[in-house]
Amino acid sequence: MARDAGRPLRADAQRNRDKILATAVRVFTEEGLDAHFERIAREAGVGTGTLYRNFPTREALIEAAYRNEVARLCDSVPGLLATMPPHEALRAWTRRFIDYATAKFGMADALRAVVASGTNPYADSHEMIQAALSSLMAAGTAAGTIRSDIRPTDMFAALAGIALTSAKPEQREQAERLLDLTLDGLRPARPQLPES
């Protein structure tokens, strides 16, 4: 039986759940839909009973693993902004976005199976990511390190394009170069000095 979503988990149970979700992303990325629950449980360091108590079906596990990746990406924004200047926080977050896109790409078959079962694992993810990106860009604009004429939707479109073309692990170097190019384009123009 699945856990009661309204009741908070004990700390040890939450740690087990987090380990299961992180392992599930990696294993579904490596093996696709054929990933075995037993392998996920073993590599997460939990029993299969613990895995099934939290996630009674393959679809429930896949959906939770994907949603957890989105939440981790978006929840990282306040910590990044608290520990580094806004332009560095945005740079660090875009790298995390590519990590998320790589995991999503690797889990594509598994996610399609969830959609086919009638569940939408993507519900709210676009809005959550857009809100996270908006916070980062607003901080950069306020600090004067990001152009004010670029909208968060523009930046999201650029990141989505990079993810579509360079999300495979073997394309990471290209993704990094494209991120640098995109982020360089966000810098405000330097005022031109008058000619003497």
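Bear in mind the structure is a predicted one, so any value in this text is a computation, not a measurement.

*Asks:* Before we go on, may I ask you to explain the packing of aromatic side chains in this structure?
*Replies:* Two aromatic rings are characterised by how far apart their centres lie and by the angle between their planes. Within the structure shown, the criterion is met by six aromatic pairs. Centroid distance Tyr-66 to Tyr-100: 6.1 Å. Interplanar angle 40 degrees. Geometry classified as tilted. Of this pair, Tyr-66 sits in helix H4 (residues 58-83) while Tyr-100 sits in helix H5 (residues 86-106), placing them 34 residues apart in sequence. Here the two residues Tyr-66 and Tyr-100 agree in accessibility, since each one is buried. Measuring from ring centre to ring centre gives 6.3 Å for Phe-97 and Phe-156, while their planes differ by 80 degrees; the resulting arrangement is edge-to-face. Note that Phe-97 is positioned in helix H5 and Phe-156 in helix H8 (residues 152-166), a separation of 59 residues in sequence. Using a relative accessible area of 15% as the deciding quantity, one classes Phe-156 as buried. Aromatic rings pair up to connect Tyr-66, Trp-93, Phe-97, Tyr-100, Tyr-122 and Phe-156 into one cluster.

*Asks:* Even after reading the chapter, I still don't get the packing of H4 against helix H7 (residues 125-143), so can you show me in this structure?
*Replies:* For any two helices packed against each other, one specifies the inter-axial angle together with the distance between the axes. Where H4 meets H7, the closest approach of the two axes is 10 Å, and the angle between their N-to-C directions is 15 degrees. Relative to H7, H4 is oriented roughly parallel. H7 is crossed by H4, and the crossing has left-handed handedness. On the side of H4, the interface is formed by Tyr-66, Val-70, Ala-71, Leu-73, Cys-74, Val-77 and Leu-81, while H7 contributes Ser-125, Met-128, Ile-129, Ala-132, Ser-135, Leu-136 and Ala-139.

*Asks:* Looking at this model, I keep getting lost on the packing of helix H1 (residues 11-31) against H4. Mind explaining?
*Replies:* One way to put it is that H1 packs onto H4 with a least axis distance of 9 Å and a crossing angle of 100 degrees. Judged by the inter-axis angle, H1 sits roughly perpendicular to H4. Along its contact with H1, which presents Arg-17, Ile-20, Leu-21, Ala-24, Val-25 and Phe-28, the element H4 presents Arg-58, Leu-61, Ile-62, Ala-64, Ala-65, Asn-68 and Glu-69. Residue classes in the contact of H1 with H4 are distributed as nine nonpolar, one polar and three charged.

*Asks:* I tried to follow the nonpolar core on my own but got confused; where do I start?
*Replies:* Across soluble globular proteins, nonpolar side chains have a tendency to be buried as a group. Ranked by size, the top nonpolar core spans 52 residues in total, and within it Phe-28, Ile-40, Leu-61, Trp-93, Phe-97 and Ile-129 carry the most contacts. Looking at this core, the elements with two or more residues in it are H1, helix H2 (37-44), H4, H5, helix H6 (108-116), H7, H8 and helix H9 (172-184). In terms of residues, this core owes the most to one element, H4, which gives 10 residues. Apart from the residues lying within four places of it in its own chain, the contact partners of Leu-61 are Ile-20, Leu-21, Ala-24, Phe-28, Phe-37, Ile-40, Leu-51 and Phe-55.

*Asks:* How do you make sense of the side chain of Ser-125 when you look at a structure like this?
*Replies:* Within the element layout of this structure, Ser-125 appears in helix H7. Within the structure, the side chain of Ser-125 is placed 2.8 Å from the backbone oxygen of Tyr-122, a separation counted as a polar contact. Sequence-distant contacts of Ser-125, defined by excluding residues within four places in its chain, comprise Tyr-66 and Val-70.

*Asks:* Any chance you could explain H1 here in plain terms?
*Replies:* Because an α-helix completes one turn every 3.6 residues, residues spaced three or four positions apart along the sequence face the same direction. The end-to-end C-alpha distance of H1 is 30 Å, a good match for the 30 Å that 21 residues give at a rise of 1.5 Å each. By the burial criterion, the buried members of H1 are Ala-13, Arg-17, Ile-20, Leu-21, Thr-23, Ala-24, Val-25, Val-27 and Phe-28. At its buried positions, H1 is contacted by H2, helix H3 (48-54), H4, H5 and H6. Backbone geometry just downstream of H1 places Gly-32 in the positive-phi region, at approximately 70 degrees.

*Asks:* Would you explain unusual backbone geometry in this entry?
*Replies:* Comment: phi is negative for the bulk of residues other than glycine, and the bulk of peptide bonds are trans. In this structure, Asp-124 takes a positive phi of about 75 degrees despite not being glycine. By the element assignment, Asp-124 lies in the loop between H6 and H7.

*Asks:* Would you explain the pattern of salt bridges in this entry?
*Replies:* Side chains that differ in sign of charge can pair as their charged atoms come close. Inspection of every chain in the model, using the stated rule, returns 17 salt bridges. Arg-72 is the salt-bridge partner of Glu-69, the closest N and O atoms lying 3.5 Å from each other. Of this pair, Glu-69 and Arg-72 are both found in helix H4, three residues apart, which corresponds to roughly one turn of the helix. Glu-69 gets classed as buried once you look at its relative accessible area, which sits at 11%. In this structure, Asp-180 engages Arg-95 in a salt bridge whose closest nitrogen and oxygen atoms are separated by 2.6 Å. Taken together, the residues Asp-180 in helix H9 and Arg-95 in helix H5 connect sequence positions 85 residues apart.

The rules behind these values
Residues numbered from 1 in each chain as written. Predicted model: local features only at pLDDT ≥ 70, side-chain atom pairs only at ≥ 80, totals over all residues. Heavy atoms only, no water. Phe/Tyr/Trp six-rings, centres within 6.5 Å; stacked < 30°, edge-to-face > 60°. Helix = DSSP H or I, 4+ residues; strand = E, 2+ residues; numbered from the N terminus. Buried < 20%, exposed > 50% of the residue type's maximum accessible area, 1.4 Å probe, protein only. Axes fitted to C-alpha atoms, helices over the stretch in contact; angles between N-to-C directions. Parallel < 35°, antiparallel > 145°, perpendicular 65-115°, else oblique. Left-handed = near helix turned anticlockwise from the far one by under 90°. Contact = heavy atoms within 4.5 Å. Nonpolar A, V, L, I, M, F, W, Y, C, P; charged D, E, K, R; others polar. Core = buried A, V, L, I, M, F, W, Y, C linked by side-chain atoms within 4.5 Å. Polar contact = N/O pair within 3.5 Å; in protein donor to acceptor, adjacent residues only side chain to side chain. Expected span 1.5 Å × (residues − 1). Salt bridge = Lys/Arg side-chain N within 4 Å of Asp/Glu carboxyl O.

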